[in-house]
Amino acid sequence: MQKVREFHRQSIQDREAFWAHEAQRIHWETPFTQVLDYSRPPFARWFVGGKTNLCYNAVDRWLDTQGDQPALIWVSTEVDQEIVYTRADLSREVNAAAATLQELGVVQGDRVLIYLPMIPQAAFFMLACARLGAIHSVVFGGFAAHNLAQRIDDAQPRVIVSTDAGSRGGRPIAYKPLLDQAIAQSSHAPERVVLVNRGLAPMDLTAGRDLDYAPLRARHLDALVPVVWLESNEPSYILYTSGTTGNPKGVQRDVGGYAVALCASMEYIYGGKPGDVYFSSSDVGWVVGHSYVVYGPLLNGQATVMYEGTPVRPDAAILWRIIETYRVNALFSAPTAIRVLKKHDPALLHRHDLSSLDRIYLAGEPLDELTGQWLSEALGKPVIDNYWQTETGWPILSAQPGVEEVPTRFGSPSFPVYGYDARVIDEATGQDCGPNQKGVVAIEPPLPPGAMSTIWGNDERFVRTYFQSFPGRLCYSTSDWGLVDDDGYWYILGRTDDVINVAGHRLGTREIEESVNTHPAVAESAVVGVADQLKGQEAMAFAVLRNPAVLDESGARDRLEAEIKRVIEQRNGAVARPARILFVNSLPKTRSGKVLRRAIVALCEGRDPGDLTTIEDPGALDQIRDAL
Ligand code: PRX
């Protein structure tokens, strides 16, 4: 572990020299004058004065050496299509998209909201925004009208890019009606909506606002849009993520720091080099999709595979088939996907030639020991658990085989990555914990390049949300529990807050509760995350009705449960739909009115609810028990 430890030490002790060296990985149109400006803690500004551009570094920079090499490989088992875009093809498509946005009046600093499924146009428009210095806000396709409306209100996009439909399991999922509802609900109206028509679902176009992308693209296919050089700390994008309130936070990212951090991670963590093929099965709507479907591999001169489909269709060997066909070197997926594969015929793991594959990376939720070990043994490939967050944009904890090959341990995402001064802190005292002592995983600021610069439009919320968890100490809290063992291996032990993780999807229970509460029959509710064998966690809702007597009517319970589930689906999308909605007469609360979520979770998981001295009405817990 000598090398990896020394590398980490240098990155913290000699921060500026370390990152000045890494910054050479990208093209700077104007060199930076200062590596780090940390004069206003906790706000860190990296590569001050330097001018660069994410699109230039991901596309143009590689045209000479790799113009005819694959850059974006799109595989869709939903519509049975595969397209390989070379770097030159990618450049053409990105320029056409950029020229389109430009024609619609988009300039540097404008926001463009992208609500698209896993189709290449998602990457084209993200990179087109980057080229123009416009700020993209990609919204996960699995989210519904209410989520979308909140993001439209907060980001105030000039243009929205969307489509008629996505597809799941071979069935079209309409996007346009949800988008229309969201625009109607929000107080901000986009000037234009550009629609990629896939011909999967009928769609109504609003005259004067909605435009079909096909003729625009055709008109601009030979355009070459000049790159807008941006100061390193200008915003590149906003990506909303859930927290403890009903309002998601717009994680804002910079330009130069992000480009440098991602490029370095492609080599040190993901073991990649220019020309390699990288396959992340994440959706572009999540942070993994931003960093490791679109930007990371392309910035490092690698080809990226973008996959529209599930891991089990046409059969559970599809991931391995893609790896064989495109000679993929590294796969990035989520533990849930692997747990799903585990239930299928093991022979499928050996049907394809996986000789190109060096390693498999898993992240986004805890990787249980059994699943990690099963996969690694079945394939005979190293499986690397990496831990990070939307906020950081790239791994906080991971093995770093590009620095040094060190044995991994199942159940542990190994050690802090260079650049992160990671700690485990005792919440009560604000002091660092000793070995094997559970505390909150934290990062001593400044945060490294590539991590969030602030919350969009709300510096105060950034400081309050992330830097005020520990008494007397300005330190970034991840809101995850963790510990470090005697040998220096780290373990993540669950969230400290009300955020849950369903099949690798980060969801705020507060957002779901707000949706439950919009049902006219509901007085109040509590939504919790309960352990699930397959998905890691699943949401479970407990609702108190305004008039509990309605439950006496026959069939009322099922009808209400179905209605409330439908409300959630319409507002937050199917990903947020709880497994059950159960009805109780009161919720267990403290005397100060705080819902005792931990006690509810314990009961749901068949555990002892623990210390209940603060509970106001112990009978409320019995009701939860009975409802279960
Ligand atoms: O609770 C941790 C869990 O997912 C959260 C971050 O989710 P998100 O913002 O969607 O970013 C995902 C980026 C990969 C974390 O706070 N989490 C993420 N990775 C792991 C994890 N929990 C355990 N082990 C991991 N490897």
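Residues numbered from 1 in each chain as written. Predicted model: local features only at pLDDT ≥ 70, side-chain atom pairs only at ≥ 80, totals over all residues. Heavy atoms only, no water.

The protein chain appears in an unreviewed UniProt entry as Propionate--CoA ligase from Castellaniella denitrificans. Quoted straight from UniProt, the Sequence similarities (unreviewed entry) entry for the protein chain says "Belongs to the ATP-dependent AMP-binding enzyme family." (UniProt positions renumbered as here; feature names shortened; annotations may be inferred.)

Student: With reference to specific residues and values, describe the overall build of the protein chain.
Tutor: Looking only at helices and strands, the protein chain has 19 helices and 32 strands in total. For 628 residues, the compact-globule formula gives about 25 Å, and the C-alpha radius of gyration of the protein chain, at 24 Å, lands near that figure. Dimensions along the principal axes, computed over C-alpha positions, put the protein chain at roughly 70 × 60 × 55 Å. Summarising the internal contacts of the protein chain: among those between residues at least 6 apart in sequence, 71% fall at separations of at least 24. About 23,400 Å² of surface is accessible on the protein chain, with carbon and sulfur atoms providing 48% of the total. Positive and negative side-chain charges in the protein chain, numbering 60 and 77 respectively, have mean positions lying 2 Å apart. (Helix = DSSP H or I, 4+ residues; strand = E, 2+ residues; numbered from the N terminus. Rg over C-alpha atoms; globule rule 2.2 N^0.38 Å. Contact = heavy atoms within 4.5 Å. Areas by Shrake-Rupley, 256 points an atom, 1.4 Å probe, with all protein chains shown as cover. Lys, Arg positive; Asp, Glu negative; His and termini not counted. Charge placed at Lys NZ, Arg CZ, Asp CG, Glu CD.)

Student: Please provide a residue-by-residue account of the site of the ligand, values included.
Tutor: Neighbouring the ligand are 17 residues, the closest being Asp 385, Thr 390, Asp 480, Arg 495 and Arg 506. At a separation of 2.5 Å, an oxygen atom of the ligand approaches a polar side-chain atom of Asp 480. Residue Arg 506 places a side-chain N or O atom 2.7 Å away from an oxygen atom belonging to the ligand. Bound to the protein, the ligand loses 95% of the 540 Å² it would expose on its own. (Near = heavy atom within 4 Å. Polar contact = N/O pair within 3.5 Å; in protein donor to acceptor, adjacent residues only side chain to side chain.)

Student: Outline helix α7 (residues 145-155), listing residues and values.
Tutor: Within α7, nine of the eleven residues are buried, which leaves the element mostly enclosed by the surrounding structure. Buried within α7 we find Ala 145, His 146, Asn 147, Leu 148, Ala 149, Gln 150, Arg 151, Ile 152 and Ala 155. Where the residues of α7 are buried, they touch β6 (111-114), β8 (159-163), α8 (176-185), β14 (237-241), α16 (509-517) and α17 (556-572). (Buried < 20%, exposed > 50% of the residue type's maximum accessible area, 1.4 Å probe, protein only.)

Student: I'd like to hear about the environment of Leu 104, residue by residue, with values.
Tutor: Tracing the backbone shows Leu 104 in the loop between α5 (87-103) and β6. Here Leu 104 is in contact with Arg 158, Val 159, Glu 191, Arg 192, Val 194 and Leu 211, once residues within four sequence places are set aside.

Student: Give me the sheet that holds strand β15 (residues 249-253): which residues, what numbers.
Tutor: Read from one edge to the other, the open sheet built from eight strands follows the order β12-β11-β8-β6-β7-β14-β15-β25, with strand pairing classed as mixed. Pairing within the sheet leaves two strands with one partner each, and these edge strands are β12 (210-212) and β25 (454-455). As paired elements, strand β7 (residues 135-138) and β14 share two bridges and run parallel to each other. The residue bridging His 136 from the neighbouring strand is Tyr 237, located in β14. Of the strands in this sheet, β6, β7, β8 and β11 (192-196) are in contact with helix α6 (residues 120-132), which crosses β6 at around 170°. Contacts from α8 reach β8, β11 and β12, with the element oriented near 155° to β8. (Pairing = 2+ DSSP bridges. Axes fitted to C-alpha atoms, helices over the stretch in contact; angles between N-to-C directions.)

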